[in-house]
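Here are the chains, one letter per residue:
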Amino acid sequence: MPSESDFSEADIAALLQQFVTYPEQVWYAIAAFLFIVGCFQWGSFVHSKFARRRHYESDEETATANDIQYKFSLRRIPLAIINFYRVVTFRWTLEIGQSYTLNMAEVFVTVAYIALLLIYAFINTTTVEGQKLDVIFWSNRIAMLASSQFPIVTALGTKNNLVSFVTGISYDRLNYIHRMMARTCFMLLCVHTVGEIISSSYYPFKLIKASKGTGIIALAAFFLLIIVSLRPVRTRAYEIFFYVHFLSVFIFLVAAYFHTKSAYGSYWIWPSFVFWALDRVIRVVRLVVFNHSYFGFKSGTGTMDAATELLSEDLVRLRLHRPPHFHWFPGQTAYLIMPSVSTLPFEAHPFTIASFDSSLLSTAKPEGQSGSGENHGTQVLGSSAPFWKELVFLVNVHGGFTKKLKEVAAKKETVKVFVDGPYGPSPDLGSYDTCVLVAGGSGVSYTLPVFLNIIERVRKGKSSCKRVVFIWSIRGAECVEWIEETLIKAVQLAPLSLTVSIRIFNSGSPSTSQSMEVNSSISNITEKNGIPEPVVTRRGSLTSSMLFSLRGVKMESGRADLDALLKGEVSMTSGRMSVSVCGSQGIARTVRHALRFPVSGPSSILNGGPSVTLYVESFGYA
Ligand SMILES: Cc1cc2nc3c(=O)[nH]c(=O)nc-3n(C[C@H](O)[C@H](O)[C@H](O)COP(=O)(O)OP(=O)(O)OC[C@H]3O[C@@H](n4cnc5c(N)ncnc54)[C@H](O)[C@@H]3O)c2cc1C
């Protein structure tokens, strides 16, 4: 059996040095990668700002709308490369079964990350005597490498984190990376455990001493964490996942701290507590500032409760007010905490803010009308708009919290809501010639404010958009009611320079479609198993018929052929086109497929086809 003296001083010195320097080198590699991603993201942001300015200048010179130039040009090579990159990294996907979809960027990051850590774990593991892959070299080093990743894994799991700030990528998009890194670290710690078992039977001495008990507790807690974070558990029992995650992370980090303390590794552990606490402090401060009347501040007492309405069997609308200093951008999300509805008092559920943070709809006059025309617009902002802004949420009913909310909404009750947010990115569509918005069902929460924003920015001369296409797939004509008044007002407010096309596809039964023509107006509540159930009937078709009489607004029966629609739009556009999508996994997948090659391929771009940017919001499911 080898003893400590079998290792030369050179071996031990190298081993201890690698123990410290390799994790640092991994950090430099990750930091450099994040810096490069940040440069691309912020560079693209700055580029779109400049592109918009250049656009105005060239618009003033040519003054022609959507001047399509299908001419081959080698000057478009950089654009062709950018589009090639977008298709390969974000629209090519690896689909595992029906519910797992990874884009190539995620696949690349996963493979590169695992490779980086494994390389650092196993390089230079040959002793001076020539013994290859000696366990004494890699066993503790691999644990140290895993520990060094905990600060970033923790940061990526929080809503307010530096990685999001540096890269400009929102916290929810980084969530995949958070899970992937955590699983990789778990794998490394399993290898470390195997290494320790081998070395303890092989080597009677220890170069690095750490308590076995704390190591076992840490690994057990981590194992539990990995199990509850598997998608089937998260999907079926989100709250169990949430609380077990919280508890197991805490146990894991405390045990890991003491386990690594004697092995000089605890300095990689305690920053996790700091990042987590910082996120909580920011969230609590926001919560107090934006929900002040619930925290004993007198102004606005009682005015923050939400009004609930059951718009259909599976959709609840919430409307609530927040103070003027609460601002949000189209497409952003807020976490809603409703202690009187949820099972546990601190349950927070994310929903996209379906209203628009602007006075456009409540103050602006329809295009071409200077007088006091009839106001058909939804008062998206209430009459007290300057003081209290209305937030609107469209909530799909599932099996947990949202099911309980449905019961409240069926009785039209008001509820106390704490709003944590806003979070997430907002697509900057100011520099696109054509904007296509695709939504399925409640995904309209995302596309509606984006649509209104485009109209407002074109009105103010802050966007070069010439054509906006609003595609919405619904499961019954009654869904139109959710937003029809807003759509009418939006079309009326659209400036003449902007072509608006609204295409609504009703995949529900034809009878529901026909009921659009029925002029009845009752919404009853009946009781089924003691639970109030709505009888959904049409409120009246006055506004609907008005909506569909507007130019560019159409309702069709059946599923939208998104592939054909998008290809049609691409063929009608030159310059820059954006496609924003929010709906089921199926919708997101179809849109990604439609915008691959040859539509966004190099030959299309070199021949004058549009440069296409795709934004996908998936409500965490795609
Ligand atoms: C960024 C984002 C924006 C969203 N916007 C909307 C929206 O505008 N309208 C809408 O109807 N839905 C939206 N969702 C989805 C919505 O958050 C969930 O449907 C809701 O939380 C389900 O609650 P439940 O207890 O009834 O769900 P369950 O019946 O328990 O589960 C249904 C699904 O919701 C997921 N889920 C449950 N709780 C949460 C939670 N706290 N956080 C994240 N996912 C959860 C589950 O994993 C499962 O996949 C959004 C989700 C995300 C991530």
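Because the structure is a prediction, the values reported are computed rather than measured.

The rules behind each value
- Residues numbered from 1 in each chain as written.
- Predicted model: local features only at pLDDT ≥ 70, side-chain atom pairs only at ≥ 80, totals over all residues.
- Heavy atoms only, no water.
- Core = buried A, V, L, I, M, F, W, Y, C linked by side-chain atoms within 4.5 Å.
- Buried < 20%, exposed > 50% of the residue type's maximum accessible area, 1.4 Å probe, protein only.
- Helix = DSSP H or I, 4+ residues; strand = E, 2+ residues; numbered from the N terminus.
- Contact = heavy atoms within 4.5 Å.
- Expected span 1.5 Å × (residues − 1).
- Pairing = 2+ DSSP bridges.
- Axes fitted to C-alpha atoms, helices over the stretch in contact; angles between N-to-C directions.
- Nonpolar A, V, L, I, M, F, W, Y, C, P; charged D, E, K, R; others polar.
- Salt bridge = Lys/Arg side-chain N within 4 Å of Asp/Glu carboxyl O.
- Patch = residues over 30% accessible without salt bridge, like charges linked within 9 Å, V, L, I, M, F, W, Y side chains within 5 Å.
- Areas by Shrake-Rupley, 256 points an atom, 1.4 Å probe, with all protein chains shown as cover.
- 1 Å grid on protein atoms, 1.4 Å probe; cavity = no way out; pocket = protein on both sides within 12 Å on 5 of 7 lines; lining within 4 Å.
- Points joined across faces, edges and corners; volume = space filled by probe spheres on them.

Asks: Help me understand the nonpolar core, please; the structure alone is not making it clear to me.
Replies: General note: in soluble globular proteins, nonpolar side chains tend to be found buried as a group. F451, I454, V468, F470, W472, L487 and I502 are the most contacted members of the largest nonpolar core, which totals 42 residues. Broken down by secondary-structure element, the contributors of at least two residues to this core are β7 (389–396), β10 (434–440), α14 (444–459), β11 (467–474), α15 (484–493) and β12 (499–506). With eight residues, α14 is the largest single contributor of residues to this core. If we ignore the near neighbours within four places in the chain, the residues touching F451 are L437, V468, F470, L487, A490, V500 and I502. Membership of the second largest hydrophobic core comes to 39 residues, among which are I30, L102, L156 and L225.

Asks: Help me understand helix α10 (residues 238–261), please; the structure alone is not making it clear to me.
Replies: Every α-helix carries 3.6 residues per turn, so stepping three or four residues along brings you back to the same face. Here α10 contains 24 residues, and its C-alpha end-to-end distance of 34 Å stays within 8% of the 34 Å for a straight helix at 1.5 Å per residue. Among the residues making up α10, those that are buried are F241, S248, F252, L253, A255, A256, H259 and T260.

Asks: Any chance you could explain the sheet that holds strand β3 (residues 306–312) here in plain terms?
Replies: Strand pairing in a sheet takes place through backbone hydrogen bonds and is either antiparallel or parallel in direction. Reading across from one edge, β7-β4-β3-β8 is the order of the four strands in this open sheet, with antiparallel pairing throughout. Looking along the sheet, the strands with just one partner apiece sit at the ends: β7 and β8 (414–415). Direction of pairing for β3 relative to strand β4 (residues 315–322): antiparallel, over a ladder of five bridges. In the strand pairing of β4, S312 is matched with L315. Here helix α13 (residues 401–410) sits on the sheet in contact with β3, β4, β7 and β8, set at roughly 95° to β3.

Asks: When you look at α15 in this model, what are you seeing that I'm missing?
Replies: In terms of burial, α15 is a largely internal element, nine of the 10 residues being buried. Every buried residue belonging to α15 is among E484, T486, L487, I488, K489, A490, V491, Q492 and L493, and all of these are buried.

Asks: In this structure, what is going on with the environment of A14? I would like to understand it.
Replies: Tracing the backbone through its elements, the reader meets A14 in helix α1 (residues 9–62). The exposure class of A14 is partly exposed, given its relative accessible area of 26%. Sequence separation between A14 and T125 is 111 residues; the distance between their C-alpha atoms is 9.7 Å.

Asks: It is not clear to me how the packing of α10 against helix α11 (residues 270–290) should be interpreted in this structure. Could you clarify?
Replies: The description of two packed helices rests on the angle between their axes and on the distance between the axes. The geometry of α10 relative to α11 is characterised by a closest axis approach of 9 Å and an angle of 145° between their N-to-C directions. Here F246, F250, L253, V254 and Y257 of α10 come into contact with α11, specifically with W270, S272, F273 and W276. Taken together, the residues that form the contact of α10 with α11 break down as eight nonpolar, one polar and no charged.

Asks: Whenever I open this one, the pairing of β7 confuses me. Can you help?
Replies: Looking down a regular strand, the side chains alternate between one sheet face and the other. The element β7 is largely enclosed, with a buried count of seven among its eight residues. Pairing geometry for β4 and β7, over eight bridges, is antiparallel. Within the sheet, the bridge partner assigned to V316 lies in β7 and is V395.

Asks: Got a minute to help me understand the pattern of salt bridges in this structure?
Replies: When the charged atoms of two side chains lie near each other, side chains of opposite charge can form a pair. Applying the stated criterion to the full structure yields 12 salt bridges. In this structure, E617 engages R173 in a salt bridge whose closest nitrogen and oxygen atoms are separated by 3.9 Å. With a gap of 444 residues between them, E617 in strand β17 (residues 611–617) and R173 in the loop between α6 (162–167) and α7 (175–202) connect regions that are remote in the sequence. The partner of E390 in a salt bridge is R319, with the nearest N and O atoms 3.0 Å apart. One end of the pair, E390, is in strand β7; the other, R319, is in strand β4, with 71 residues separating them in the sequence. For E390, a relative accessible area of 7% gives the class buried.

Asks: Can you walk me through unusual backbone geometry in this structure?
Replies: For residues besides glycine, phi is generally negative; the peptide bonds are generally trans as well. With an omega dihedral of 0°, the bond running from G421 to P422 counts as a cis peptide bond. Mapping P422 onto the fold places it in strand β9 (residues 418–423). Cis geometry marks the peptide bond from F597 to P598; its omega dihedral reads 0°. Mapped onto the fold, P598 is located in the loop between α19 (585–594) and α20 (602–606). In this structure, N124 takes a positive phi of about 50° despite not being glycine. As for its position among the elements, N124 is in the loop between α3 (104–122) and α4 (135–148). Here N124 falls in the partly exposed class, since its relative accessible area comes to 47%. The backbone phi angle of K412 is positive, close to 55°, even though this residue is not glycine. You can see K412 is positioned in the loop between α13 and β8.

Asks: Honestly, a nonpolar patch on the surface in this entry has me stumped. Any pointers?
Replies: Together, I217, F246, L247, F250, I251, V254, F258 and W276 line one region of the surface with nonpolar side chains, adding up to about 750 Å² of accessible area. If one sorts the elements of the nonpolar patch by residue count, α10 sits on top with six residues. Within the fold, F250 resides in helix α10. Judged by relative accessible area, which is 47%, F250 ranks as partly exposed.

Asks: Just checking my understanding: could you explain empty space enclosed by the protein for this structure?
Replies: Vacant regions in the atomic arrangement are exposed by a probe of water-molecule size rolled over the atoms. Taken as a whole, this structure holds five cavities of 30 Å³ or more when the rule is applied. Considering only enclosed or pocket space, the second largest cavity measures out at about 50 Å³ in volume. Looking at the second largest cavity, the residues that line it are P427, L429, G430, N453, I454, R457 and S463. Residue composition of the lining of the second largest cavity, grouped by class: three nonpolar, three polar and one charged.

Asks: What is the right way to read the pairing of β11 from this model?
Replies: Summarising burial for β11: eight of the eight residues are buried, a large majority. Neither face of β11 is exposed, since R467, V469, I471 and S473 on one face and V468, F470, W472 and I474 on the opposite face are all buried. Across seven bridges, the pairing between β10 and β11 is parallel. When the bridges of β11 are listed, V436 appears paired with V469.

Asks: Would you mind showing me how to read the sheet that holds strand β6 (residues 348–352) here?
Replies: If you trace the three strands from one edge of the open sheet to the other, you get β6-β5-β9, paired in antiparallel fashion. The strands lining the two open edges of the sheet, one partner per strand, are β6 and β9. Neighbour-to-neighbour, the strand axes of the sheet open up by a mean angle of 25°, direction not taken into account. Both strand β5 (residues 333–337) and β9 contribute to a ladder of four bridges, which runs antiparallel. Paired with Y335 across the bridge in β9 is D420. The strands touched by α11 are β5 and β9; relative to β9, the strand with the most contacts, the crossing angle is about 115°.

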